[in-house]
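Fold and contact review
Here's the letter readout for the chains.
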Amino acid sequence: MKRSVESVDVRGSRVLVRLDLNVPLDGNQRITDDRRIRAALPTVKRLIEGGGRQVLMSHLGRPKGVPDDHRKLSLAPVASRLSELLDKPVRLIKDITGKEASGAVASMAAGDVFLLENLRFHKAETIKDKKAEDDAALRESKDAFARKLASLADVYVNDAFGTCHRDNASMLTVPRLMEGKPRVVGYLVQRELDFLGGALANPDRPFVCVLGGAKVSDKLGVIRSLVKKCDSILIGGAMGFTFLAAGGTNIGKSLVEPDLFETARALRSEAGDRLILPVDSVVAAEIRQGVSTEICDGPVPDGLMGLDIGPKTVAAYHEIIRAGKTVFWNGPMGVFETSPFDAGTLGVARALAMATDAGATTIVGGGDSAAAIDQAGLADRVTHISTGGGASLEFLEGKRFAAIDVLDDA
Ligand code: 3PG
Ligand code: MG
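Just so we're clear, the structure is a prediction, and the values are computed from it rather than from any experiment. (Residues numbered from 1 in each chain as written. Chains lettered and ligands numbered in written order. Predicted model: local features only at pLDDT ≥ 70, side-chain atom pairs only at ≥ 80, totals over all residues. Heavy atoms only, no water.)

Brief notes about the pattern of salt bridges
Oppositely charged side chains are able to pair whenever their charged atoms sit close together. Taken as a whole and assessed by the stated rule, the structure comprises 29 salt bridges. Taking the shortest distance from any N to any O, the salt bridge between aspartate 68 and lysine 72 comes out at 2.8 Å. Remark: lysine 72 and aspartate 68 occur in helix H2 (residues 67–72); sequence separation between them is 4 residues, near one turn of the helix. Across the salt bridge formed by aspartate 129 and arginine 176, the nearest N and O atoms sit 3.4 Å from each other. Placement of the pair is aspartate 129 in helix H5 (residues 129–133) and arginine 176 in helix H7 (residues 169–177), with a sequence separation of 47 residues. Residue aspartate 129 is classed as buried on the basis of its relative accessible area of 13%. Each of Asp129, Arg139, Lys142, Asp143 and Arg176 takes part in salt bridges that share partners, so that together they form one network. (Salt bridge = Lys/Arg side-chain N within 4 Å of Asp/Glu carboxyl O. Helix = DSSP H or I, 4+ residues; strand = E, 2+ residues; numbered from the N terminus. Buried < 20%, exposed > 50% of the residue type's maximum accessible area, 1.4 Å probe, protein only.)

Observations concerning the nonpolar core
Phe161, Leu226 and Ile233 are the most contacted members of the largest nonpolar core, which totals 77 residues. Membership of the second largest hydrophobic core comes to 30 residues, among which are Ala40, Val44, Leu47 and Val90. (Core = buried A, V, L, I, M, F, W, Y, C linked by side-chain atoms within 4.5 Å.)

Thoughts on the site of ligand 1
Neighbouring ligand 1 are the residues Asp20, Asn22, Arg36, His59, Arg62, Arg120, Gly162 and Arg166. At 2.8 Å from an oxygen atom of ligand 1 is found a side-chain nitrogen or oxygen belonging to aspartate 20. Separating an oxygen atom of ligand 1 from a side-chain N or O atom of arginine 166 is a distance of 2.5 Å. Contact with the protein chains removes 84% of the 310 Å² of surface that ligand 1 exposes when unbound. Taken together, the residues that form the shell around ligand 1 break down as no nonpolar, 3 polar and 5 charged. (Near = heavy atom within 4 Å. Polar contact = N/O pair within 3.5 Å; in protein donor to acceptor, adjacent residues only side chain to side chain. Areas by Shrake-Rupley, 256 points an atom, 1.4 Å probe, with all protein chains shown as cover. Nonpolar A, V, L, I, M, F, W, Y, C, P; charged D, E, K, R; others polar.)

Looking at the sheet that holds strand E8 (residues 232–235)
In spatial order, the strands read E9-E8-E7-E13-E14-E15; together these 6 strands make up an open sheet with parallel pairing. Each edge of the open sheet carries a strand with a single partner, namely strand E9 (275–276) and strand E15 (384–385). Strand direction decides the pairing type here: strand E13 (residues 326–330) and strand E14 (residues 361–364), joined by 4 bridges, are parallel. The partner of threonine 326 across the bridge, within E14, is threonine 361. (Pairing = 2+ DSSP bridges.)

Concerning the sheet that holds strand E3 (residues 90–93)
Within a sheet, each strand pairs with its neighbour through backbone hydrogen bonds, oriented either parallel or antiparallel. Pairing is parallel across the open sheet formed by 6 strands, whose spatial order is E3-E4-E2-E1-E5-E6. Of all strands in the sheet, those with a lone pairing partner are E3 and strand E6 (183–185), marking the two edges. Ignoring strand direction, the axes of neighbouring strands in this sheet form an average angle of 25°. With 5 bridges connecting them, strand E1 (residues 14–19) and strand E5 (residues 155–159) associate as parallel partners. (Axes fitted to C-alpha atoms, helices over the stretch in contact; angles between N-to-C directions.)

Structure follows, in structure tokens:
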């Protein structure tokens, strides 16, 4: 157990809060999904109420250092959205390592909230510790950046679950440098650890996992780990075709990863009946809205590709999910952005909602599945939607997060 933000008296203190405000933006820098901002509010509000002087920090996207990226990936729209949600001004600090930041922080009053501009505008933020090991100049540049951030505060709060699998300066070097000061988890990280950790450590059974998405290679670690823990793994998305093709089924021109056939066969033989593959698919010649489709049982004819799980598979998965007591879902079942290839994904979303109604703990991890559950209007009918994509998968894989380990124990 890590020490919680709940336990710190922050009145008058300067509090540096790492959030994951990496939200999707459209071409006009408008936020298209503010879930990560809303998920950060409980901690921010608690620190306002406690009279802290809050300096929030986050990355946005993966800027390359070119001026255009700096314009497009500014946190300015996030600062505005935060102001609206908190109903108080949130000042954006542009020069985060210079006098603007230190001066602004010195002038803050209790309850004030400032946001530092995109951390990744500084290359030092993302230098990997592994690389810095054999390069003293890189190490010094990362440490120097982190020292500037650390000097802004008396308390460090990590509430950036979606970034906890990274060794970014703000995630790991800064709390290391703040040893001796309170370094705690926020409410969002605590909730993620409780749900994801609970599902892994002690799931109510049947424990059902639904995994989709394009590539087996992206999910290999998590499949390997979940195969040992859950009662059924339901596979969908193009990933299913790698398993089917590895078993000798013709898959037409569906997306496939031939390099992984050997691995797919090994996983299937390890998992036995617990690994469940689609029995039918929705196929078409191309991915296009309204294109003519067929339903195929088993093999996909040459020249066509499978773009969603078929109705028999949806029905079978529905039954298994509804009977689950713990259900974890990551990754769409088909090309859900393009109708009519969204039926499988929406079917899974509905099954999760019904399982929740029947008392199951249902957890959705990852950006695409979270978007799909929202699209289906069922976001409030699952127990927990993780704010982490990569982070939730790596957590379920059983990896340790150095960014969490470094924080104070409870
Ligand atoms: C994410 O959206 O995956 C997190 O914000 C982390 O971002 P990253 O994958 O660019 O490190
Ligand atoms: Mg990522």
